Amino acid sequence: MKIFVCVGVLLLLSYSGAAQFTIKGSVVSQERAGLPGAILKIAERIYTTDDKGQVEISQLPAGEYEIETKFLGYETKTMSLTLYQDEFIEIVMQEGFTLTDEVVIYATRANDHTPTTFTTLDKQNIQKQNFGQDLPILLNWTPSVVTTSDAGAGVGYTGIRIRGSDATRINVTINGIPYNDSESLGTFWVDVPDIASSSQSVQVQRGVGTSTNGAGAFGASINLQTNTRNDEAYAETVNSFGSFNTRRHTLSVGTGLLNEHWVIDGRVSRILSDGFIDRASSDLKSYYFSGGFYANNTILRAVVFGGSERTYQSWYGVPQSRLNNDVEAMETTASNEGWNQEQTDHLLNSDSRTFNIYTYKNQVDDYRQNHYQLHFSHRANNSITANASLHYTHGQGFYEEYRYDDDFASYGLPEVVIGDSVISSSDIIRRRWLDNDFYGITYSLNYENEKLNFVLGGAWNRYEGDHFGELMWAEVTTLPIEYQYYFNAGDKCDFNIFLKTNYQLTNRLNAFADLQYRSISYEASGVENKQNEFGIDKTYGFFNPKIGLTYQFDERQQIYTSFSVAKREPVRDDFVDNPGSSPKHENLYNLEAGYRKISDRFTLHVNYYLMKYKNQLVLTGALNDVGAPVRTNVDKSYRTGIEMESIWKVSNKLSWNINLTLSQNKIRDFTEVLYDYGLNFDEYNVIENKYKDTDISFSPNVIAGSGFSYSPVQNLEFSLLTKYVGSQYLDNTSTNARSIDGYLTNDIRVRYSWKFTFMKEISFSALINNVLDEEYESNGYTYGYLGGDDAYRENFYYPQAGRNYMVMVTLKF
């Protein structure tokens, strides 16, 4: 009998040793929220949770195992498991007091206790859509967002509007450091190509939002955090290929945690594209490196990133006459624009949707920008944390252009005498330069206990920039060596300090107060491109208070309301493009009220907003000579609307993300100024047309986005991405003849990944943009004038690409 028992035990042990089992696990916080990106170490192998905080470990023989789990901001947890069958485990992580990189952006970000409106994208969602297009295109699926691309395919110069507000009205920070250009307040994502590959998360706050550093947020703020600490060594390559000869190549590496304290990460990228528009090519190079020292209560981290861009200009747009294939109207356009016969023939013979007026081979924008950041954080105790960051940015570059028959007087040059002929104009090649430095310090002191949380923060920043123009060649004269035909310089100091407070009045009711003071001094003087002398010497002091309440029904439902005031200064072009005028600073009064609900399968956020402006600077519809919009103050205007954002997990395989914005955007009283040059074009008469309750330009009343995602099997996902943007007006007169038609686009995205023992992951992704081949335009401008009884109007549009594709292969080690 004993023999049979021994044989049976041996057979059982033999079976157990040969059998393979699977562990399915979930790593969650104490509130049972999944923790994506948590690291599990078992049997000397490393596994990472997916975007739901889940992990599957297969092909494990029976035996005793020790599972070590790590997640930033949480205490490392170790558990033992005896495996003799398939197991499901839930690992509940405890928040730790170890300082993490998130503390750097804490002062400028909103959270669930903040009574404002925001959307946060994590790294997984960013990387799914990151085929190499600029960051605005990746944010296209967030609420109230409209994006555009000069080249028509998302690479090169791209733009973004949120709630109808353009980039000059959207505050942008990278690790809490201001990114907006100090003089124009614009944001040029082309200067930091592929920054999305080094982004840990991006938060978009709509409306005034919470106090931040840099330019005032008059429509939204975008807060970008670069990669945080990764404890495991890694290497990753990403290669994308697609339509219009678009290529993107990225290499990222990281050391993991060295000697329990040091982490070094790096990335280099290159993106090339011919563009959808004729000759709208891009050659973009970028890099990102960071090195950090981490102790339990201290972080010292250096971040260096930047890039260079060389893009062929496609700023001018396509005339409406060319889009409509109207030969007579095209000839009128050429006449109105003063084009010569060569340019007119080019207009008549080009493709109606890809026309680009520029044909000179070196009509390029060439610019490089380098950013240096040093972040220091220290936790004094469990309640107090201090942060300070030093930063420096240097930018330098030019754009080159070929000018037909320009007057020598426009460049301070004398007429040329050849024999008996006096020549006063010539074809000319010129470069317009910008050379600038931006540096400063940001700081914050965070305090928190069970009921009270406050942040004392702010920044001091200074910008120094030189603008100048050089002549490279003229057809009929010899130019002085290194001849500068204009030069001017700007110097801007920006200081702000803010105090944000959250106080738990009751178990359910939280009060929020945010007080900011911002001081700006700006001086600029010299000679502008048009040979006009100018001088700016302005000082502003703004007090921007914000208050609000959040009421928590239970752990999953809350309502909130807030009222905010924001003020901001005019930009450089508001002074330069309107000589003799004195543009006023703008005031914004912003009411937000919303409802949030979160459950295991359904998330809903509904928000009402009212943004009332005093002296808002609005677009007139005209452009200056470098394509920048010309603006004017209007006394009273407003934006109001309802935003809805929802995620519905229909099943374990199917989910639906949807957002919808319904709005009105109005100016109470608007005066359009036109110039009447008379029947023989020898007069100069000012004509004023007055409008009441007219629509603000580039502000669609309907914006909607939808994303269906279906995973038939593990690691395979199909997504249908749909975007609708309602009609927009090119100026502030609500005239249908000067508008952009509404459009509906559909994209299809497919992603499949494999996991291997010798590498972390191989993934293949494909993106078909505009799969139904919709012909649409996403941006434009207009201008007009009178000649006696005749009215001349010209509309220009920026067509976007029809059906096009991208494929991407990612290797993770």
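Structure shown above.
Throughout what follows, the structure given in this document is the object of discussion. (Residues numbered from 1 in each chain as written. Predicted model: local features only at pLDDT ≥ 70, side-chain atom pairs only at ≥ 80, totals over all residues. Heavy atoms only, no water.)

### What to know about the sheet that holds strand S5 (residues 63–70)
Reasoning step 1: The four strands are arranged S3-S2-S5-S6 in an open sheet whose pairing can be described as antiparallel. Edge positions in the sheet fall to strand S3 (45–48) and strand S6 (77–83), since each of these pairs with one other strand and no more. On average, each strand axis in the sheet is tilted by 25° relative to the strand beside it, whichever way the strands run.
Reasoning step 2: Here strand S2 (residues 39–42) pairs with S3 via four bridges, running antiparallel. By the bridge assignment, Lys41 is partnered in S3 with Ile46. (Pairing = 2+ DSSP bridges. Helix = DSSP H or I, 4+ residues; strand = E, 2+ residues; numbered from the N terminus. Axes fitted to C-alpha atoms, helices over the stretch in contact; angles between N-to-C directions.)

### With respect to the environment of Lys567
Reasoning step 1: Locating Lys567 in the fold gives a position in strand S30 (residues 557–568).
Reasoning step 2: Judged by its relative accessible area of 23%, Lys567 falls in the partly exposed class.
Reasoning step 3: Along the primary structure Lys567 and Phe131 are separated by 436 residues, whereas in three dimensions their C-alpha atoms are 37 Å apart.
Reasoning step 4: With near-sequence residues (within four places) excluded, Lys567 lies in contact with Phe218, Arg518, Phe542, Phe543, Asn544, His585, Glu586 and Asn587. (Buried < 20%, exposed > 50% of the residue type's maximum accessible area, 1.4 Å probe, protein only. Contact = heavy atoms within 4.5 Å.)

### Observations regarding the sheet that holds strand S4 (residues 54–61)
Reasoning step 1: Taken in spatial order, the three strands make up an open sheet running S4-S1-S7, and their pairing is mixed. Single-partner strands in this sheet number two, and they are S4 and strand S7 (87–92). The mean inter-strand angle of the sheet, taken between neighbouring strand axes irrespective of direction, is 25°.
Reasoning step 2: Sheet analysis places strand S1 (residues 20–28) next to S7, joined by six bridges and oriented parallel.

### A word on the packing of helix H5 (residues 327–337) against helix H6 (residues 341–349)
To characterise two packed helices, one gives the angle between the axes of the helices and the distance between these axes.
Reasoning step 1: Taken N-terminus to C-terminus, the directions of H5 and H6 make an angle of 150°; their axes are 10 Å apart at the nearest point. Considering the angle they form, H5 stands roughly antiparallel to H6. For the pair H5 and H6, the crossing hand works out as right-handed. Where H5 approaches H6, its residues Val327, Met330, Glu331 and Ala334 are matched on the opposing element by Thr344, Leu347 and Leu348.
Reasoning step 2: Looking at the contact of H5 with H6, its residues break down into five nonpolar, one polar and one charged. (Parallel < 35°, antiparallel > 145°, perpendicular 65-115°, else oblique. Left-handed = near helix turned anticlockwise from the far one by under 90°. Nonpolar A, V, L, I, M, F, W, Y, C, P; charged D, E, K, R; others polar.)

### Focus on the environment of Ser144
Reasoning step 1: You can see Ser144 is positioned in the loop between helix H3 (135–138) and strand S9 (145–149).
Reasoning step 2: Taking relative accessible area as the criterion, Ser144 reaches 0% and is therefore assigned buried.
Reasoning step 3: As a C-alpha pair, Ser144 and Pro700 span 556 residues in sequence and 9.4 Å in three-dimensional space.
Reasoning step 4: Among all residues touching Ser144, those that are not within four sequence positions of it are Arg161, Ile162, Arg163, Arg206, Glu643, Thr661 and Ile703.
Reasoning step 5: A polar side-chain atom of Ser144 sits 2.7 Å from a polar atom in the side chain of Thr661. (Polar contact = N/O pair within 3.5 Å; in protein donor to acceptor, adjacent residues only side chain to side chain.)

### So, H6
Reasoning step 1: Along H6, the positions that sit buried rather than exposed are Gln343, Thr344, His346 and Leu347. In an axial view of H6, the angular spread of the buried residues amounts to 160°, which keeps them on one side of the axis. Among the exposed residues of H6, those oriented more than 90 degrees off its buried face are Gln341, Glu342 and Asn349.
Reasoning step 2: Contacts made by the buried residues of H6 are with strand S20 (318–319), helix H4 (320–323), H5 and strand S22 (384–407). (Arc of directions from axis to C-beta.)

Remember that the coordinates give geometry; whether it matters functionally is a separate question.
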